[in-house]
Amino acid sequence: MTFSTRILAFSAAAFALGAGMAHADTWRYAFEEAMDEVQGIYAQKFKEEIEANTDHEIQLFPYGTLGESADIMEQAQDGILQFVDQSPGFTGSLIPEAQVFFVPYLLPQETETLASFFKNSKAINEMFPALYADQGLELLTMFPEGEVAITTKEPFTTPADLDEVKIRTMTNPLLVESYKAFGATPTPLPWGEVYGALQTNIIQGQENPMFYVESTKMYEVTDYVTRIGHNNFTTAVMANKDFFDGLPDEDKRAIRAAAEAAFAHIIDYQKGLTEASVEKIKEAKPSMTFTTLSEEERQPFKDAAGEVEARFLEMTGDSGKRILDQMKEDLEAAQQASQS
C-alpha cells in the first residue's frame, strides 16, 4: 500500500467511526479525466441516476485529485473507492487479456457499429467480468471514447517516417508493441508528465482521442495531428467487488441501471464531438496541420497489426485467443446489425 493510499484508508476509517453507519450512503467514484471530459460526463450521469433512484450519494474524483491511474486502481481494489473508471490500457498488467483493445485495426470507427458492439458483445459482457472479478473488481460496463489520433512535432505518412520518433504510450505492453511495429520508439510515461516531456522534446508525440487532445492542450506542444484509423479509445467502469457483493439486490439493480443509462448518455454525447474538437483546435492554433491517411497510406500500418495480434496471443495464450475470437464474432455481428 502506498503512502497516499494509507492516508486515504485512515481518513476513510476515521470518517466511518465518526459517522456511524451514515458513511455507507456516500460512495466514492474516481476517473482518469476532468469533469467536463467524456469520463466525467459519464460519471455525472451515473451519479445523477444513483441519487435519483436510491438514498445514496456519489462523490466524484476527477483526474489528479487522488493521484495517477495506478493510484486510483489500487484504491479501488483496497475498497477506499467504491467505483473507478480506467482504461484497459492501464489494467493490462493486471488483466493481460484486456490488452485486446490495443490490437490495431480491430475496432471499427463507425459510431453505430461501435456502440452496438460495446452494448451487446459477449466478450465484454460474459467473458471479461470473471477476469476482472479475479482482481477484486466488478465490471459494470465498457464504452468507447473516440477515434485515437496521433499528435507529433513532425509530419508522418509511413512507418519509416516514425523512425527514432519517441511516442508516449500508457504503461501497456501491447501498446508498446504496437508502436514498435509502427516504426516508432514507444516511451511509457505517466500522463502528468506528457505535456512537459513534449515541451522539452523528451518525446515527440502522443496518442489520444481528439477531444482529449483539445482539452489537455496537447496541440500547444505538437504541430501535426494524424489519423491512421488504428484504434478507438476504450474505458471500463468497475466497482470494488467486495463492496458490490455486499449490497442488497435493490442497490445492485440500481447500479447496473445507472451504468446502462450513463452508457446510452455518453454514446449520444459523443456524436460530433471529434469534429467540434478539431474546430476548437484550429481556432486556438490555426497553424496546426490535420491529416487523415488514405486507405493506401494506412496499409503498411495495417500490415504491422498482424505482428501485434501475434504478440497478444503470445502474451495471453488460450485465454487471450478465446477473447479475441469472441470479439471478432461480436464485431461481425455488430457490423451486420448496423447494416440491417
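So, here's what we can say about the structure. No experiment lies behind these values; they were computed from the predicted model shown.

Observations concerning the overall build of the chain
Right, so step 1: In terms of regular secondary structure, the chain is built from 13 helices and 10 strands.
Right, so step 2: The C-alpha radius of gyration of the chain comes to 20 Å, within 12% of the 20 Å expected for a compact globule of 340 residues.
Right, so step 3: Projected onto the principal axes, the alpha-carbon positions of the chain cover approximately 60 × 45 × 35 Å.
Right, so step 4: With 340 residues in all, the chain has 53% of them scored as buried.
Right, so step 5: Taking the intrachain contacts of the chain between residues at least 6 apart in sequence as the baseline, contacts between residues at least 24 apart amount to 76%.

Looking at the side chain of Ser 121
Right, so step 1: Looking at the element boundaries, Ser 121 is found in the loop between helix 5 (111–120) and helix 6 (122–133).
Right, so step 2: Exposure remark for Ser 121: the relative accessible area of 1% places this residue in the buried category.
Right, so step 3: The contact partners of Ser 121, leaving out residues within four places of it in the chain, are Ser 116, Glu 126 and Asp 330.

Some thoughts on the pairing of strand 2 (residues 57–61)
Right, so step 1: For strand 1 (residues 26–30) and strand 2, the ladder comprises 5 bridges, and the chain directions are parallel. Pairing of Ala 30 across the sheet is with Phe 61, part of strand 2.
Right, so step 2: The parallel pair strand 1 and strand 2, bridged by helix 2 (residues 38–53), forms a crossover whose chirality is right-handed.

Let's talk about the packing of helix 2 against helix 11 (residues 249–269)
Right, so step 1: Relative orientation of the contacting elements helix 2 and helix 11 amounts to 140°, with a least axis distance of 8 Å. In terms of their interaxial angle, helix 2 and helix 11 are classed as oblique. Relative to helix 11, the crossing made by helix 2 is right-handed. Listed contacts from helix 11 to Val 38, Ile 41, Tyr 42, Lys 45, Phe 46, Glu 49 and Ile 50 of helix 2 are Ala 254, Ile 255, Ala 258, Ala 259, Ala 261, Ala 262, Phe 263, His 265, Ile 266 and Tyr 269.
Right, so step 2: Split by residue class, the contact of helix 2 with helix 11 holds 14 nonpolar, 1 polar and 2 charged.

A word on the packing of aromatic side chains
Right, so step 1: For the structure on display, the rule yields 17 aromatic pairs.
Right, so step 2: An angle of 75° between the planes, with centres 5.2 Å apart, marks the rings of Phe 117 and Phe 118 as edge-to-face. Note on accessibility: Phe 117 and Phe 118 belong to one class, buried.
Right, so step 3: With a centroid separation of 5.4 Å and 80° between ring planes, the pair formed by Phe 182 and Phe 301 is classed as edge-to-face. Here Phe 182 is found in the loop between helix 7 (173–181) and strand 6 (185–188), whereas its partner Phe 301 is found in helix 13 (residues 295–339), with 119 residues between them in sequence.
Right, so step 4: Judged by its relative accessible area of 1%, Phe 182 falls in the buried class.
Right, so step 5: Pairwise contacts between aromatic rings join Trp 27, Tyr 29, Phe 31, Phe 46, Phe 83 and Phe 243 into one cluster.
Right, so step 6: Positioned above the aromatic ring of Phe 290, the side-chain terminus of Lys 282 is 5.6 Å from the ring centre.

Details of the packing of helix 6 against helix 13
Right, so step 1: Axis separation between helix 6 and helix 13 bottoms out at 9 Å; the angle between their running directions is 160°. Taken together, helix 6 and helix 13 sit at an angle that is classed as roughly antiparallel. Between helix 6, through Lys 122, Ala 123, Met 127, Phe 128 and Leu 131, and helix 13, the contact on the second element is made entirely by Arg 322, Ile 323, Gln 326, Met 327 and Asp 330.

What counts, and where the lines are drawn
Residues numbered from 1 in each chain as written. Predicted model: local features only at pLDDT ≥ 70, side-chain atom pairs only at ≥ 80, totals over all residues. Heavy atoms only, no water. Helix = DSSP H or I, 4+ residues; strand = E, 2+ residues; numbered from the N terminus. Rg over C-alpha atoms; globule rule 2.2 N^0.38 Å. Buried < 20%, exposed > 50% of the residue type's maximum accessible area, 1.4 Å probe, protein only. Contact = heavy atoms within 4.5 Å. Pairing = 2+ DSSP bridges. Right-handed = clockwise from strand over helix to strand, strands pointing away. Axes fitted to C-alpha atoms, helices over the stretch in contact; angles between N-to-C directions. Parallel < 35°, antiparallel > 145°, perpendicular 65-115°, else oblique. Left-handed = near helix turned anticlockwise from the far one by under 90°. Nonpolar A, V, L, I, M, F, W, Y, C, P; charged D, E, K, R; others polar. Phe/Tyr/Trp six-rings, centres within 6.5 Å; stacked < 30°, edge-to-face > 60°. Lys NZ or Arg CZ within 6 Å of the ring centre and 35° of its normal.

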